[in-house]
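Inside the fold
What follows is each chain in one-letter form.
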Amino acid sequence: MPGRIIKWIDQRFPLTSFVEHELTSYPTPRNLSYWWNFGFLAGFVLVLQIATGIFLAMHYKADTALSFDSIQHIMRDVNYGWLLRYMHSTGASAFFLVIFIHMARTLYYGSFRTPRELLWWTGQGLLLLLMATAFMGYLLPWGQMSFWGATVITNLFRATPFFGDQVVVWLRGDYTVGDATLSRFFALHYLFPFLIIGAVAVHMVALHSVKSSNPSGINLADKDNIPFHPYFTAKDFYGLGVFLIVFSIFVFFMPDSLIEPANNIPANPMQTPNHIVPEWYFLPFYAILRSVPNMVGGVVAMGLSVMMFSFMPFLDRSRIPGGAHFRPIYRVQFYLFLLDMLVLGYVGYIPPTNQTLLIGQVATLCYFGSFFLHPFISKAEERWMRARGLPPELLALFEKRPPREKLTREGEAA
Amino acid sequence: MKTFMALLVLCCIASSALASEAKLETVKVGIDVRTVERGVDAVMNACRPCHSMKYIKYRDLVGFGIDKQKVDTWRGDQPLDAALLAQMSESDAMQAYGKAPPDLSLMAKARDGGANYVYSYMMGYYVTPEGMPGNHIYPETKMPDILGISAATEAAQRTEIQGKARDIISFLAWAADPHEQERHRLGYYVLGYLFVLTFLLYLVKKQIWSRLK
Amino acid sequence: MKKETLSVGDCGDRRNFLIKLTSVVGGAGVAATCVPFVASMNPSSDVLAKAEAEVDLSGITPGAMRTVAWQGKPVFILRRTPEQIKAAGASDGGSDPEPDSKRVQNPEWLVVIGVCTHMGCVPNKEGPGWVCHCHGSQFDDSGRVTRGPAPKNLEVPPYRFVAGNKIVIGKA
């Protein structure tokens, strides 16, 4: 009977061939490590956020007089409301953690390089959508941090040339963040996840067109590919199990560690908390904003700091294939960059003093320096490596590759 | 990429170290019904004249397991579904203290340091050399030293007041997070299940990949 | 977790069993995860707390009626005069016959849900009994339908006297 149904569908819709093409015979490099699990995890978290979000929206009220109370209603009175809400608030952090690791993997293994530029850029678009969604969602509980976070971020648009103040008022629909702002943020917070789904679909089409990169950093011969299903479904589900354990520890035993204490105080437009900080996932970018003494400059620097990753395919001038594994200087650069992110995150977290401001400025310079100097560093690295002689494992990879691919790769990179 | 993992762990440790910056006393919050019940009693006498707890209703106390008769004496002629509101109106409080006393429903979660902060604050009153009241944790506070810790000099008296403060904190901690015990209980089941499932998924992964060798 | 589609020919029964077991355990987890989502749509505890309403009857004069809310619905509480009690006891009503004594706990107090059994409108107190203006049903002072499209008498909610002049509507 199921066979007959599938046959009926196949005559009208390419179900079987679709599943075959994208899953049961989709060729995947067999040497993918567990760092390649995080795209799947991001997809899972997206589904979890949408599911918990829809059920939370059934109880939430987007009204400045009611929203704080409605969150308390969810936390105290709604059956398992506390579980849904803590899953959703923890899920936001999990989403960023998973995406950051996913991006770090891409940078480390050079997965953004030819021919995966569009894949990388759709991913960057997803990051921007995710940031916007998270930012708007953070206003909804209408706590002190919600209010002042939204106030500060909408104020960033004062940097718009000529119409700065009008743009800010237009965004808020009010002179300050108010009822109009809350309602529109709720509407958009509900809409954006569906835009993300669309963008994920584009991301997947791009991925399935150029196929997965792999730790060696060069395209493998056909014999080194295995079907996605069952090998990587099994691997992804195992990874999901590990992820869920970590996620559950946060949800059930330390959910409030991811919620700023001040957000348990209702929004008060008349009083700013002594120390306002964004959520941890925005801290490095926030530190860059604070490091630039000029307002417009700070906003531009912060916007640019997020956009910089998109330029990586142009900035990386090295023709040495493979990721950081085969490129010692790039590897050092990668870790220094991560360290710099952590320093920026720390600087963004603590209240600003002259000393930390200086640290933040140095770290900001390092941040942009590592991007802007990258063309020269990568070029120099290539020269240095060729002079020294390529490592034997890389030479072996060169030999294994079919000659045609070698040709196109050299041609494109030149 | 192993170095990356190490950096991540380092980051987590650093951030948790950051969180515990203030010099707060740590208080062990009681989660048993009797401690919380004593806490409600103390709050009803000491705090409720000025502070409301608008997210807590009398029926919540009964639901937690506090003696119905005690709840009935606290609520007087108010219905079970009524919230624990302050006896003093907000405008009177504004006149008396210059600002409205905050609602206490979420107090145990609404300050850096949580319950430890509130405990340290209540125990932080002292008498300045000029004979004026002061507070180590929150010097600008408008609240009087309601438990009388600054006047208590004998050790026994101080211990008694500290015990009372601990009862109050226990109630406030429950009020801020009434589902905590249920959450922990469910959490152990969920984690137990996930360990079993993940182990099975690990075996499945291993078996399927063994076909490649 | 669609692991059933695996070809298992070359690996024997153990994996087949392992995959089936894992699918069942995983499926149970997915099913259990649905519970909080479904449960969250049931009435929350503050709604359930309104399942009971306490009503103070003092202040209702003989012959007067008060409407109170119970579970969001209007409940008519009518303090009947001896004449009204007599009139109600004289007949068994109209199309849905029921003796008055079965509809009251204390003949002086009639407690009925003020929702017309026809289409759910709220009847008005007019003359002896009630008239529903939506479709013209009429009810007597025992809440029994005497005329019109309403198929049944006004419903009597569960209630109990907790003191001489206090009732609790709803079940504990």
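Residues numbered from 1 in each chain as written. Chains lettered and ligands numbered in written order. Predicted model: local features only at pLDDT ≥ 70, side-chain atom pairs only at ≥ 80, totals over all residues. Heavy atoms only, no water.

The subject of this paragraph is the overall build of chain A. Looking only at helices and strands, chain A has 18 helices and two strands in total. In terms of overall size, chain A behaves like a compact globule, its C-alpha atoms giving a radius of gyration of 24 Å where 414 residues would be expected to give roughly 22 Å. A buried classification covers 53% of the 414 residues belonging to chain A. Here the analysis covers contacts within chain A between residues at least 6 apart in sequence; of these, 80% occur between residues at least 24 apart. Once the 30 positive and 25 negative side-chain charges of chain A are each reduced to a mean point, those two points are 7 Å apart. (Helix = DSSP H or I, 4+ residues; strand = E, 2+ residues; numbered from the N terminus. Rg over C-alpha atoms; globule rule 2.2 N^0.38 Å. Buried < 20%, exposed > 50% of the residue type's maximum accessible area, 1.4 Å probe, protein only. Contact = heavy atoms within 4.5 Å. Lys, Arg positive; Asp, Glu negative; His and termini not counted. Charge placed at Lys NZ, Arg CZ, Asp CG, Glu CD.)

Scanning chain C from N- to C-terminus turns up three helices and 10 strands. The helix and strand sequence of chain C, counted from the amino end, reads α-α-β-β-β-α-β-β-β-β-β-β-β. Relative to the 2.2 N^0.38 estimate, which gives 16 Å for 172 residues, the radius of gyration of chain C is 27 Å and therefore markedly larger than a compact globule would have. Counting only C-alpha atoms, chain C reaches 90 × 35 × 25 Å along its principal axes. Partitioning the contacts of chain C with sequence separation of at least 6, the portion at a separation of at least 24 is 50%.

Now for the state of the cysteines. In the structure shown here, the tally under the stated rule is one disulfide over all chains. Here Cys121 of chain C is linked by a disulfide to Cys134 of chain C, with a sulfur-sulfur distance of 2.0 Å. For the disulfide bridge between Cys121 of chain C and Cys134 of chain C, the dihedral angle about the S-S bond is near -90 degrees, and by the sign convention the bridge is left-handed. Taken together, the residues span a long stretch of sequence, with Cys121 of chain C in the loop between strand E4 (109–113) and strand E5 (124–125) and Cys134 of chain C in the loop between strand E6 (130–131) and strand E7 (138–139) at a distance of 13 residues. Counting only cysteine sulfurs, Cys50 of chain B is the nearest neighbor of Cys47 of chain B, a cysteine outside any disulfide, at a range of 9.0 Å. By relative accessible area, which is 11% here, Cys47 of chain B ends up buried. Lacking any disulfide linkage, Cys132 of chain C is separated from the closest cysteine sulfur, that of Cys116 of chain C, by 3.9 Å. (Disulfide = S-S within 2.5 Å.)

Counting from both sides, the interface comprises 44 residues of chain B and, opposite them, 48 residues of chain A. With both sides pooled, the region where chain B packs onto chain A buries about 4200 Å², and carbon together with sulfur makes up 71% of that total. At the junction of chain B with chain A, the criterion picks out one salt bridge. Where Lys109 of chain B meets Asp256 of chain A, a salt bridge forms, and the shortest distance between an N and an O atom there is 3.5 Å. Viewed at the interface, chain A and chain B are joined by 11 residue pairs in polar contact (both at pLDDT 80 or more). Of all the secondary-structure elements, those providing two or more residues to the side of chain B that touches chain A are helix H1 (2–19), strand E1 (53–57), helix H7 (155–176) and helix H8 (180–210) of chain B. (Buried area = accessible area lost by both parts, 1.4 Å probe. Salt bridge = Lys/Arg side-chain N within 4 Å of Asp/Glu carboxyl O. Polar contact = N/O pair within 3.5 Å; in protein donor to acceptor, adjacent residues only side chain to side chain.)

Turning our eyes to something else, we now look at the confidence of the model for chain C. Residue and element names in this part refer to chain C. On average, residues of chain C score 86 in pLDDT, and 91% of them reach the 70 mark or higher. Model confidence for chain C, summarised as mean pLDDT per element, is weakest for strand E1 (residues 53–56) at 85 and strongest for E4 at 93. Counting contacts from residues 1–10, a segment whose pLDDT is below 50, to residues more than four positions away or on other chains yields 22 contacts. (pLDDT = per-residue confidence, 0-100.)

Let us now look at the pairing of strand E2 (residues 65–70) of chain C. Residues and elements named next belong to chain C. Bridging between E2 and strand E3 (residues 73–79) involves six bridges; their strand directions are antiparallel. Within E3, the residue paired with Val68 across the bridge is Val75. Once E2 ends, the chain turns through two residues before running back antiparallel as E3, passing Gln71 with a positive phi of about 55 degrees. (Pairing = 2+ DSSP bridges.)

So, about the sheet that holds E2 of chain C. Residues and elements named next belong to chain C. Pairing within the open sheet is antiparallel, and its three strands lie in the order E2-E3-E4. The sheet is open, and its two edges are formed by E2 and E4, each paired on a single side. Across the sheet, the axes of successive neighbouring strands diverge by a mean angle of 25 degrees, strand direction being ignored. (Axes fitted to C-alpha atoms, helices over the stretch in contact; angles between N-to-C directions.)

Turning next to a nonpolar patch on the surface. All names here are of chain A. Taken together, the side chains of Leu128, Leu304, Met307, Phe311, Phe314 and Phe372 present a nonpolar region at the surface, about 520 Å² in accessible area. In this structure, Leu128 sits in helix H6 (residues 117–139). The exposure class assigned to Leu128 is partly exposed, which follows from its relative accessible area of 38%. (Patch = residues over 30% accessible without salt bridge, like charges linked within 9 Å, V, L, I, M, F, W, Y side chains within 5 Å. Areas by Shrake-Rupley, 256 points an atom, 1.4 Å probe, with all protein chains shown as cover.)

One finds Phe243 and Tyr367 of chain A to be the most contacted residues of the largest nonpolar core, which totals 123 residues. Those residues in contact with Tyr367 of chain A that sit more than four places away from it in its chain are Phe285, Ile288, Ser305, Phe309, Phe337, Asp340, Met341 and Leu344 of chain A. Val43, Met53, Ile56 and Met107 of chain B belong to the second-largest nonpolar core, a separate cluster that totals 42 residues. (Core = buried A, V, L, I, M, F, W, Y, C linked by side-chain atoms within 4.5 Å.)

Before going further, it helps to examine helix H10 (residues 228–253) of chain A. Because the α-helix completes a turn every 3.6 residues, residues three or four places apart line up on one side. Along its 26 residues, H10 of chain A runs 35 Å from first to last C-alpha, staying within 8% of the 38 Å computed at 1.5 Å per residue. Buried residues dominate H10 of chain A, accounting for 21 of its 26 residues. (Expected span 1.5 Å × (residues − 1).)

Segmenting chain C into domains produces domain 1 (3–39) and domain 2 (48–169). The distance between the C-alpha centroids of domain 1 of chain C and domain 2 of chain C comes to 57 Å. (Domains from an automatic or database assignment.)

Residue and element names in this part refer to chain C. Among the five residues of E4, five are classified as buried, and the element is accordingly described as predominantly covered. The two faces of E4 match: Trp109, Val111 and Ile113 on one face and Leu110 and Val112 on the other face are all buried. Direction of pairing for E3 relative to E4: antiparallel, over a ladder of five bridges. If you follow Ile77 over to E4, its bridge partner there is Val111.

A few words now on the packing of aromatic side chains. Per the counting criterion, the structure on display carries 48 aromatic pairs over all chains. Ring centres of Trp142 of chain A and Phe147 of chain A lie 5.5 Å apart, and the angle between their planes is 85 degrees; on these two criteria the pair is classed as edge-to-face. There is no split in this pair, since Trp142 of chain A and Phe147 of chain A are both buried. An angle of 40 degrees between the planes, with centres 4.8 Å apart, marks the rings of Phe64 of chain B and Trp174 of chain B as tilted. You can see Phe64 of chain B sitting in helix H3 (residues 58–64) and its partner Trp174 of chain B sitting in helix H7, a full 110 residues away along the chain. (Phe/Tyr/Trp six-rings, centres within 6.5 Å; stacked < 30°, edge-to-face > 60°.)

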